[in-house]
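Take a look at the letters that make up each chain.
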Amino acid sequence: MDIKKNVSGYRLGVKKPQGGRGVENAPEFSGWVEQVRNLNTAYTLETGKTKKIKMDIFGCQMNERDSETIAGMLTDMGFEEVSKDKPADIIIFVTCCVRENAEERIYGHIGALSGECEENGAFIVSCGCMMQQPHVVEKIKKSYHNVKIVFGTHNIHTFPELLYRYLTKKKRIFEVWEKEDKVVEELPIKRTEKHKAWVNIILGCNNFCSYCIVPYVRGRERSRNMNDILAEIEALAKDGCKEITLLGQNVNSYGNDLGEKDLFAKLLYAIEDIEGIERVRFMTSHPKDLSDELINAMKNCKKVCNHLHLPFQSGSTRILEKMNRRYTKEKYLSLVSKIKEAVPNIALTTDIIVGFPGETEEDFEDTLDVVKKVGFDAAYMFIYSPRKGTPAAKLEQDIPSEVISTRFRKLLELQTEIATELAKKTEGKTLEVLVDGPSKQNPEILSGRTRENRLVNFKADNVNKGDIVNVEIIRAGAFWLEGRGGNKLG
Ligand code: 5AD
Ligand code: SF4
């Protein structure tokens, strides 16, 4: 089937959601925004000052994207955002609960800000994945009195209303919707960057990997309408955006809930036609849903970067079954061969969990084997963390923690060795880099990403954030490349 030919039905021009399943514009949203803005205007008239907010964001790209919506709402409500080291009137925590250490860090940060709240009369708003868990909300109610508003992942669009209620009545508000609602379109957004942007395409997850809390806190899969996504990307392109990353817990199942097959591949083809967009990335992909159509789209679409993040979690088929991942070690390896054949210069990255209950030395060897056979440019490695409410949390952890640490170290060493070897192959080559601006570590040099998503630090004259340049790689390590020169390409 020639997907591209079929795609014209999805082209741009329709601005509003089609009114199909699960889409709405928050009905009274702008009314609440205006009410809070009025309070802020009155405050400014009285004091000559503006109310300040600051945000502390934890977790994945979905949270980064949600934070841009929250920041957008706050700006529309008349607040001024300040950096984390400055005092603020409201401190917003966008939380994560994927592993226990994330939760511990968040409790620590909230506790540490108590002093600031007491001194300045500031208060804390806490939202995001962690707040979808009733035991967390109970703990916050009881022990963190400076947290005045709590909301969850399903009711972000109610934030202006909750804020208005708190500001006018001064009574703590805990409003976490248990179930996902419709996809809410056209909320305000304050993008962190101009030259690159996150674009949500699907919310929630239906996969229920046995260790994972995400389906419980982010709800079932809900795809955004393709016209809304394309309209958003077109507007971004007009505003100077060059790279977009399509986001979802499992982007490969985009469209399944709309009753459409291979809609994700169709979306990639449709984005090809948007002038100004030079690079398209997406994450995360689930191996069980990575279709031939998608692999073909990656091969055919010039804008789609030659990078794929494909978590394998464990190399052992036995453990994969316990994880409810629905593929085998062999299936994963054959998928990788297929992708490498279709896109020969593909860079692969992955997620790996070490120490899932019942993991034997032999199972772990299978994980090392996959790492050796595939050759990942980068791997995010995690020690298994039991999450309350997930099926795996009921399994007895029979592996001593020293054994898990030893395995983790061994995996880290192997992966670093392989990543270094792969990186060395870029030495002497000239690579296309999208410039992110001055490096965070050293503002004298520039930093950017290759199409493979490799970080490059380089020196060049007359090069600015958002430029696409050719950079010669002079030295390479596992985590970043060093380059020089920057011939502008775009
Ligand atoms: N313990 C450890 N790692 C986990 N991940 C998800 N849940 C857990 C857990 N309970 C990892 C997976 C996933 C990544 C985002 O986080 O590797 O791909
Ligand atoms: Fe969690 Fe699995 Fe869904 Fe990823 S695919 S969010 S690991 S349940």
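The structure reproduced in this document is the subject of the present report. Please read all numbers here as calculations on a predicted model, not as lab measurements. (Residues numbered from 1 in each chain as written. Chains lettered and ligands numbered in written order. Predicted model: local features only at pLDDT ≥ 70, side-chain atom pairs only at ≥ 80, totals over all residues. Heavy atoms only, no water.)

### Observations regarding the site of ligand 2
Inspection of the region around ligand 2 gives Cys 205, Asn 207, Phe 208, Cys 209, Tyr 211, Cys 212, Val 214, Pro 215, Gln 249, His 286 and Arg 325 as its neighbouring residues. Tallied by class, the residues present in the shell around ligand 2 amount to seven nonpolar, three polar and one charged. (Near = heavy atom within 4 Å. Nonpolar A, V, L, I, M, F, W, Y, C, P; charged D, E, K, R; others polar.)

### Examining the sheet that holds strand β7 (residues 173-175)
The parallel open sheet is built from six strands, whose spatial order is β3-β2-β4-β5-β6-β7. Looking at which strands have only one partner, the edges of the open sheet turn out to be β3 (80-81) and β7. The pairing of strand β2 (residues 52-57) with β3 spans two bridges and is parallel. Bridge pairing links Lys 52 to Glu 80 in β3. Across the face of the sheet, helix α3 (residues 61-76) comes into contact with β2, β3, β4 (90-95), β5 (123-128) and β6 (147-151) while running at roughly 175° to β2. Packed onto the sheet, helix α4 (residues 100-112) meets β2, β4, β5 and β6 and runs at close to 175° relative to β4. (Pairing = 2+ DSSP bridges. Helix = DSSP H or I, 4+ residues; strand = E, 2+ residues; numbered from the N terminus. Contact = heavy atoms within 4.5 Å. Axes fitted to C-alpha atoms, helices over the stretch in contact; angles between N-to-C directions.)

### Side note on the site of ligand 1
Lining the immediate surroundings of ligand 1 are Val 98, Arg 99, Tyr 211, Gln 313, Asp 351, Ile 353, Phe 382, Ile 383, Tyr 384, Ser 385 and Arg 387. In the environment of ligand 1, an oxygen atom lies 2.8 Å from a nitrogen or oxygen atom belonging to the side chain of Arg 99. Separating a nitrogen atom of ligand 1 from a backbone N or O atom of Tyr 211 is a distance of 3.0 Å. Relative to its unbound accessible area of 400 Å², ligand 1 is 85% covered by the protein chains. Grouping the constituent residues of the shell around ligand 1 by class yields six nonpolar, two polar and three charged. (Polar contact = N/O pair within 3.5 Å; in protein donor to acceptor, adjacent residues only side chain to side chain. Areas by Shrake-Rupley, 256 points an atom, 1.4 Å probe, with all protein chains shown as cover.)

### A word on unusual backbone geometry
Trans peptide bonds make up most of the peptide bonds, and negative phi angles are found at most residues other than glycine. Along the chain, Met 283 connects to Thr 284 via a cis peptide bond; the corresponding omega equals 5°. One non-glycine residue, Phe 208, lies in positive phi territory at about 50°. You can call Phe 208 partly exposed: its relative accessible area is 29%. The phi dihedral of Gln 313 is positive, around 70°, even though this residue is not glycine. Relative to the helices and strands, Gln 313 resides in the loop between β14 (307-309) and α12 (317-322). (Buried < 20%, exposed > 50% of the residue type's maximum accessible area, 1.4 Å probe, protein only.)

### Some thoughts on the packing of aromatic side chains
Applying the stated rule across the entire model yields eleven aromatic pairs. Here the aromatic rings of Phe 151 and Phe 159 are separated by 5.0 Å at their centres, their planes lie at 25°, and the arrangement is stacked. The exposure class of Phe 151 is buried, given its relative accessible area of 0%. Considering the side-chain rings of Phe 208 and Tyr 216, the 5.4 Å spacing of their centres and the 80° angle between planes classify their relative orientation as edge-to-face. One aromatic cluster in this structure is built from Phe 312, Tyr 327, Tyr 332 and Phe 376. The ring of Tyr 43 is capped by Lys 51, whose NZ or CZ atom sits 4.3 Å from the centre of that ring. Over the face of the ring belonging to Tyr 166 we find Lys 170, whose NZ or CZ atom lies 5.9 Å from the ring centre. (Phe/Tyr/Trp six-rings, centres within 6.5 Å; stacked < 30°, edge-to-face > 60°. Lys NZ or Arg CZ within 6 Å of the ring centre and 35° of its normal.)

### So, α4
In an α-helix there are 3.6 residues to a turn, and that puts residues three or four apart on one side. The end-to-end C-alpha distance of α4 is 18 Å, a good match for the 18 Å that 13 residues give at a rise of 1.5 Å each. Looking at α4, one finds that the buried residues are Ala 102, Glu 103, Ile 106, Tyr 107 and Ile 110. Along the long axis of α4, the arc covered by the buried residues comes to 135°, so they all point the same way. Exposed side of α4, more than 90 degrees from the buried face: Asn 101 and Ala 112 are the residues found there. (Expected span 1.5 Å × (residues − 1). Arc of directions from axis to C-beta.)

### Some details on the sheet that holds strand β16 (residues 378-383)
In space, the three strands of this open sheet follow the order β14-β15-β16, with parallel pairing throughout. Both outer strands of the open sheet, β14 and β16, are each paired with one neighbouring strand and no more. For this sheet, the mean angle separating the axes of adjacent strands, direction not counted, is 10°. Pairing geometry for strand β15 (residues 347-354) and β16, over six bridges, is parallel.

### Quick notes on the environment of Leu 348
Mapped onto the secondary structure, Leu 348 falls in strand β15. The buried category is assigned to Leu 348, whose relative accessible area is 3%. Counting along the chain gives 105 residues from Leu 348 to Asn 453, while the straight-line C-alpha distance between them is 9.7 Å. Filtering out sequence-adjacent residues up to four positions away, Leu 348 remains in contact with Leu 308, Val 336, Lys 340, Val 374, Phe 376, Asp 377 and Ala 378.

### A look at the side chain of Arg 224
Mapped onto the secondary structure, Arg 224 falls in the loop between β11 (222-223) and α9 (226-238). Residue classification places Arg 224 among the buried residues on the basis of a relative accessible area of 8%. A polar contact is formed between the side chain of Arg 224 and the backbone oxygen of Asn 200, at a distance of 2.9 Å. For Arg 224, the side chain forms a polar contact with the side chain of Glu 232, separated by 2.7 Å. Apart from the residues lying within four places of it in its own chain, the contact partners of Arg 224 are Val 183, Glu 185, Val 199, Asn 200, Ile 201, Ile 229, Glu 232, Tyr 254 and Leu 258.

### Considerations on the pattern of salt bridges
A side chain with one charge can pair with a side chain of the opposite charge if their charged atoms come near. Taken as a whole, this structure holds 35 salt bridges when the rule is applied. Between Glu 185 and Arg 224 there is a salt bridge whose closest N-O contact spans 2.9 Å. Placement of Glu 185 in the loop between β8 (183-184) and β9 (196-200) and of Arg 224 in the loop between β11 and α9 is noted, with a sequence separation of 39 residues between them. Here Glu 185 matches Arg 224 in class, with each residue buried. Here Arg 484 and Glu 472 are joined by a salt bridge, their closest N and O atoms 3.4 Å apart. Remark: Glu 472 occurs in strand β20 (residues 468-476) and Arg 484 occurs in strand β21 (residues 481-488); sequence separation between them is twelve residues. Looking at Glu 472, the relative accessible area reads 31%, which means it is partly exposed. Where salt bridges share partners, they join Glu 243, Arg 279, Arg 281, Glu 432 and Arg 451 into one cluster. (Salt bridge = Lys/Arg side-chain N within 4 Å of Asp/Glu carboxyl O.)

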